[in-house]
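Below, each chain spelled out in residue letters.
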Amino acid sequence: MDLILCHQTVDFDALGAAVGLSCLRVGSRIVLTGGAHPKVKDFLALHRDEIALIELRSVNPKRIRHLIVVDNQQLSRLGKAAEWFDLPQIESVELYDHHLNSSSDIPATFQQIEAVGASTTLIVEKMQENNINPNPIEATIMGLGIHVDTGSLTFPQSTARDAKALAWLMEKGANVKIIAEYCDPGLTPQLQEIFTEALDKLETNNIRGYQVAWVLIETENFVSGLSNLTERLIELSESDALLFAHIYHKRHNNKPYPENRLVVIGRTRIEGTDLNQLFSLYGGGGHSQVASLMLRNVDADGKLKQLVEEFITQIPHPLTARDLMSSPVRTIRPETTIEQAERVLFRYGHSGLSVVDEKDHLVGIISRRDLDLALHHGFSNAPVKGYMTKNIKTINPDTLLPDIESIMVTYDVGRLPVIDDNRLLGIVTRTDLLRQIHQQRKEVKDENGKRVATVSCLLPSMRHSLKKSTWKLLEMIAKEAEDQGWHLYIVGGAVRDLLLTNNNQKVSLQDIDLVVDGFHRSADVGAGVELASTIQKKYPNCRFSVHGEFQTAALLWHKDPEFGSLWIDIATSRTEFYPYPAANPEVESSSIRQDLYRRDFTINALAVRLTPPREGELLDFFGGLLDLKGKEVRVLHANSFIEDPTRIYRAVRFAVRLNFDIEPQTETYIRYAIESGIYDKLKLKNHVTPALTTRLKAELKYILEANYWKPALQLLSDLDSLKCLHNQVILDDKIWWQIRCASRWLRYLDPDNNIGHWLIRLEILISKINPQERKQLALNLHLPKDSLERIDKDNIIYLEIQELLLKCNKISDKYKQLYRNKLADLILVAVNSKKEIRRIIWQYLTQWSKIQAPLNGNDLKRMGYKPGPQYKLVLDRLLALTLDGEIKTQQEAAIIVKQMFDNG
């Protein structure tokens, strides 16, 4: 085993050199022999898994063969690891350092100590010599090592070699933003004095959970380097925003100005604030988070206070526990067994459960780790009260996000119950917190490379894109929800389509999904119904209905002069659980996050809040916005297609309709679900499988009646997903031709779509299945009566026509064989027949069926013939003679009529 040893209280240079050596020495492991600098500790908390680290206590000394020491020459700085140098099996000891004047007591068999700014530089040069390339995170760590130890190349010991090493690391992907976040440049003696004064004079105020600081420093001369000082000051004061003001009266050469100068340097880490916008009003500028301005002859103290007040108005309302929490909370009683609790965790996918007593007061929390330990020791029937954590940290609904983060980090807890008036209102998990922090800090760039916020106010663009009447209606519904103490979100496809619409385009939404989520009071199952009912009273022209077990309410306008044909669904946020694959999900109330998590694809798991305080906020927990920009359909869960095969068809539908690609991993999940044979197994077990019957039919209808049905059907075939219908369904060349041919005939012969073109396509698609199973499939799909009849008798019709039609020489005989059949039956027979038969059927449908005899029944009456059974015989004879071209005029027809009636 090769070990790379970092000194106790490791800094970035030692870590960077060690990471570089781990790239050079494949299989080697890095050992931190003690603690770490605060910044290094923070960095490792996030990136530890990216580095080949091994705990000191995990090392087996008997396996050590080679030791490598970086950025250190003293054994005393290696703690207990110093003992390893005396082990008899040690074959080599290497040492790399840049401190020339240090005495060394390490028994090195090889050492490299050179006058560079950082030890990491030596290792980078070795990597270049050996053509070893780091990955971006490794390059970033090494870049940090050089930046920190050279003061970003400003310290006296910095060399050109350090600069070249940094340039190479940047070429390999070193992230300068992360480097800037963790770097800590030094200060000159003058700046150190100003820094001390600034700390003493610093004023702070807590605004909506954010620490805002400001300070005014006066000097006689202009002072350079205050930007770095500001960075240090905001870091040391742990402020979220800082305005550093500097007033002076002279230039560097002591020449006085006729009037004073005020420089204000601003730094902010608060999402939603914009210093560039603030400072540009006074002639300054910069970036949203970093900006500065210079003013002349002003009241410095008054101007700084004015800027602080104006900045405070930009600060958004911060997230609270009420916004982050999942609710309702899954709870169990103390007497619940370990095995029962484990089943609850599996059902809902939670990592822990809250334990409440008979008064529903919180008495403990049990985690998956606790349950696993109990199960491991064979205590599956023991009550959870013996294993739960009783010393619980809790928060209230108004606890701010920074405070929640602080509690979780300080006490190393993964979930915080939210308590309100002794009631368990919700729970905030580490995942909830990390997801929100990640969303606030991540960056997305537009097509011009400009940073855009992923959580931004979408109300202006929504207001512009929607019809005025629709927007006013949404505003009214949101106001009603707010009055009830609920949040209201527009979710799913409507958000997707709005985001895909150009700013100068109007979008007509005919189907809008709204979700109610409680925040001032619980939004129970009936919240959606209650809200919809209130709205319906204000719009009596709309139809109100409640559907589904979960009581989703719908408001429907049909050809309304104001709204047109508009359908609005209003539901309470909910989660779902599939008891077995392809079943209908069991649905329960939950939070908006869980509601979005249950959806099918990231591009459909988007929501926009319509209620204050952050109305217009985009909720994107799963990267849906990035997938919209990347034009990809990405599934949310690995088992999504096994749980619900209709999602395969939905994936295809969205991909083709939106001209997106199915993301490669999602395609892998689709193919795995089909190849697993799970759908066939379910059929054999006679499970009720709506996702393979009624819901699958609905998706098929969407696809087969859309104008993009051809590419969609081909993609379904390419994915081998037609097997969801039946394992014998294959879109071979013959079936594909038949479907397209039938569609051409239908387009010409049934332009009003009276037959149901999608049904004809489906019937051809399943036509190769044996008759008995085909009929059963049609029954399972709940196809309409006409379709069932065709499937039942089409083979008989086909055989009759094939057998008799070719025997007929006269057109009238051919007509007689065909006219008894419906249009749909004839089209199905035609596409399955030889060209000769198909031509005859086409002639019948387009020509012969439109031919009429010269005389009709009314003509016979006028000629004096009494109506009776003979009428039909006479008229049939006239039509036959007309079809065969033997008569053409009424006079010729009259002669035939007279002969037939005279002959009785």
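Now for a description of the structure that goes with this document.

Rules of the game
Residues numbered from 1 in each chain as written. Predicted model: local features only at pLDDT ≥ 70, side-chain atom pairs only at ≥ 80, totals over all residues. Heavy atoms only, no water. Helix = DSSP H or I, 4+ residues; strand = E, 2+ residues; numbered from the N terminus. Buried < 20%, exposed > 50% of the residue type's maximum accessible area, 1.4 Å probe, protein only. Contact = heavy atoms within 4.5 Å. Areas by Shrake-Rupley, 256 points an atom, 1.4 Å probe, with all protein chains shown as cover. Lys, Arg positive; Asp, Glu negative; His and termini not counted. Charge placed at Lys NZ, Arg CZ, Asp CG, Glu CD. Expected span 1.5 Å × (residues − 1). Arc of directions from axis to C-beta. Pairing = 2+ DSSP bridges. Axes fitted to C-alpha atoms, helices over the stretch in contact; angles between N-to-C directions. Phe/Tyr/Trp six-rings, centres within 6.5 Å; stacked < 30°, edge-to-face > 60°. Salt bridge = Lys/Arg side-chain N within 4 Å of Asp/Glu carboxyl O. Disulfide = S-S within 2.5 Å. Polar contact = N/O pair within 3.5 Å; in protein donor to acceptor, adjacent residues only side chain to side chain. Parallel < 35°, antiparallel > 145°, perpendicular 65-115°, else oblique. Left-handed = near helix turned anticlockwise from the far one by under 90°. Nonpolar A, V, L, I, M, F, W, Y, C, P; charged D, E, K, R; others polar. Core = buried A, V, L, I, M, F, W, Y, C linked by side-chain atoms within 4.5 Å. Right-handed = clockwise from strand over helix to strand, strands pointing away.

**Observations regarding the overall build of the protein**
A count of helices and strands for the protein gives 37 helices and 30 strands. Summarising its shape, the C-alpha atoms of the protein cover approximately 135 × 75 × 65 Å along the three principal directions. Counting across all 904 residues of the protein, residues that qualify as buried make up 50%. Across the protein, the fraction of contacts at a sequence separation of at least 24, relative to all contacts at a separation of at least 6, is 67%. Accessible surface, the protein as shown: approximately 44300 Å² in total, 48% of it carbon and sulfur. Computing the positive centroid from 111 side-chain charges and the negative centroid from 115, the protein places the two 9 Å apart.

**Let's talk about helix α5 (residues 160–171)**
Here α5 contains 12 residues, and its C-alpha end-to-end distance of 17 Å stays within 8% of the 16 Å for a straight helix at 1.5 Å per residue. When we look at burial in α5, the residues that qualify are Asp162, Ala165, Leu166, Trp168 and Leu169. Relative to the axis of α5, the buried residues are bounded by an arc of 160° and lie together on one face. Opposite the buried face of α5, by more than 90 degrees, sit the exposed residues Ala160, Lys164, Met170 and Glu171. Elements in contact with the buried residues of α5: α3 (119–129) and α4 (136–150). Phi for Gly173, located one or two positions after α5, is positive at around 105°.

**Overview of helix α26 (residues 694–704)**
Listed in full, the buried residues belonging to α26 are Leu696, Glu699, Leu700, Ile703 and Leu704. Here the buried residues of α26 occupy an arc of 125° about the axis, which is enough to place them on one side. Where the residues of α26 are buried, they touch α23 (646–658), α27 (709–718) and α29 (757–765).

**Some points on the sheet that holds strand β6 (residues 110–113)**
In space, the six strands of this open sheet follow the order β3-β2-β1-β4-β5-β6, with parallel pairing throughout. Either end of the sheet is taken by a strand with one partner, and the two such strands are β3 (53–54) and β6. With two bridges connecting them, strand β2 (residues 29–32) and β3 associate as parallel partners. If you follow Val31 over to β3, its bridge partner there is Ile54. Seen against the sheet, α3 touches β5 (92–97) and β6 and runs at an angle of roughly 115° to β5.

**Description of the packing of aromatic side chains**
Both the distance between ring centres and the angle between the ring planes are used here to describe each pair of aromatic rings. Counted according to the given criterion, the structure contains 19 aromatic pairs. Measuring from ring centre to ring centre gives 6.1 Å for Phe12 and Tyr182, while their planes differ by 65°; the resulting arrangement is edge-to-face. Within this pair, whereas Phe12 is found in helix α1 (residues 12–24), its partner Tyr182 is found in helix α6 (residues 176–182), the two being separated by 170 residues in sequence. Arranged with centres 5.6 Å apart and planes meeting at 40°, the rings of Tyr597 and Phe622 form a pair that is tilted.

**Some thoughts on the pattern of salt bridges**
A complete count under the given rule lists 34 salt bridges for this structure. The partner of Asp497 in a salt bridge is Arg657, and the shortest N-O contact between them spans 3.5 Å. Here the residue Asp497 occupies a position in helix α18 (residues 493–500), and Arg657 occupies one in helix α23, the gap between them amounting to 160 residues. Residue class for Asp497 comes out buried when judged on its relative accessible area of 19%. Using a relative accessible area of 38% as the deciding quantity, one classes Arg657 as partly exposed. As a salt-bridge pair, Arg650 and Asp600 come within 2.6 Å of each other at their nearest N and O atoms. In this pair, Arg650 sits in helix α23 while Asp600 sits in the loop between α20 (592–597) and β27 (606–609), placing the two residues 50 residues apart along the sequence. Exposure remark for Asp600: the relative accessible area of 6% places this residue in the buried category. Sharing partners across several salt bridges, the network here consists of Asp600, Arg650, Arg653 and Glu699.

**A few points about the sheet that holds strand β14 (residues 352–356)**
Read from one edge to the other, the open sheet built from three strands follows the order β13-β14-β15, with strand pairing classed as mixed. Strands with a single pairing partner mark the edges of an open sheet, and in this sheet they are β13 (331–332) and β15 (362–367). Note that β13 and β14 share two bridges and pair parallel. Looking at β14, one finds that Thr331 is bridged to Ser354. Packed on one face of the sheet, helix α13 (residues 368–376) meets β14 and β15 and runs near 70° to β15.

**Side note on unusual backbone geometry**
Although it is not a glycine, Asn131 sits at a positive phi angle of roughly 55°. Tracing the chain through its elements places Asn131 in the loop between α3 and α4. Residue class for Asn131 comes out exposed when judged on its relative accessible area of 61%. One non-glycine residue with positive phi stands out, namely Lys631, at about 55°.

**Focus: the environment of Lys834**
Along the chain, the position of Lys834 falls in the loop between α33 (823–831) and α34 (835–846). Each C-alpha atom, one on Lys834 and one on Gln802, is 9.3 Å from the other, the two residues being 32 residues apart in sequence.

**What about the state of the cysteines?**
The full count for this structure, using the stated rule, is zero disulfides. The cysteine Cys23 is free of any disulfide, with Cys6 supplying the nearest cysteine sulfur at 13 Å. Judged by relative accessible area, Cys23 falls into the buried class, the value being 14%.

**Quick notes on the side chain of Thr320**
By the secondary structure assignment, Thr320 is in the loop between α10 (300–312) and α11 (321–324). Within the local environment of Thr320, its side chain forms a polar contact with the backbone oxygen of Pro397, the two atoms lying 3.4 Å apart. Aside from chain neighbours lying at most four places away, what touches Thr320 is Pro397, Asp398, Thr399, Leu400 and Ile404.

**Describing the packing of helix α17 (residues 468–483) against helix α19 (residues 527–538)**
Where α17 meets α19, the closest approach of the two axes is 10 Å, and the angle between their N-to-C directions is 130°. Considered as vectors, α17 and α19 are oriented oblique to each other. Read as a crossing pair, α17 and α19 show a hand that is right-handed. Seen from α17, the contacting residues are Leu473, Met476, Ile477, Glu480 and Ala481; seen from α19, they are Leu531, Thr534, Ile535 and Lys538. A breakdown of the residues in the contact of α17 with α19 according to their chemical character gives six nonpolar, one polar and two charged.

**So, the nonpolar core**
In this structure, Ile490, Leu514, Ile568, Tyr649, Leu713, Leu762 and Leu765 are the most contacted members of the largest nonpolar core, which totals 116 residues. At eight residues, the largest contribution of residues to this core is made by helix α28 (residues 733–749). Residues in contact with Leu713, not counting those within four places in the same chain, are Leu704, Leu722, Leu731, Trp736, Ile739 and Leu765. Of all hydrophobic cores here, the second largest spans 41 residues; its members include Ile68, Ile141, Leu166 and Tyr182.

**Considering the packing of helix α36 (residues 870–883) against helix α37 (residues 890–902)**
Relative orientation of the contacting elements α36 and α37 amounts to 140°, with a least axis distance of 10 Å. Read as a crossing pair, α36 and α37 show a hand that is right-handed. Taken together, the residues of α37 that come into contact with α36 (itself represented by Gln870, Tyr871, Leu873, Val874, Arg877, Leu878 and Leu881) are Ala893, Ile896, Val897, Met900 and Phe901. Here the contact of α36 with α37 is composed, by residue class, of 10 nonpolar, one polar and one charged.

**Let's talk about the pairing of strand β4 (residues 66–70)**
Regular strands place their side chains on alternate faces of the sheet. The element β4 is largely enclosed, with a buried count of four among its five residues. Sheet topology places strand β1 (residues 2–6) next to β4; five bridges connect them, and they run parallel. Pairing of Cys6 across the sheet is with Val70, part of β4.

**Considerations on the pairing of strand β9 (residues 241–250)**
Burial analysis of β9 places eight of its 10 residues in the buried class, the great majority of the element. As judged from the seven bridges shared by strand β8 (residues 210–218) and β9, these two strands associate in the parallel manner. The residue bridging Trp214 from the neighbouring strand is Leu243, located in β9. Of the crossover connections in this fold, the one passing from β8 over helix α8 (residues 226–236) to the parallel β9 is right-handed. By the bridge criterion, nine bridges tie β9 to strand β10 (residues 256–268) in an arrangement that is antiparallel. Bridge pairing in β10 links Leu243 to Gly266.

Nothing here speaks to function; it is all geometry.
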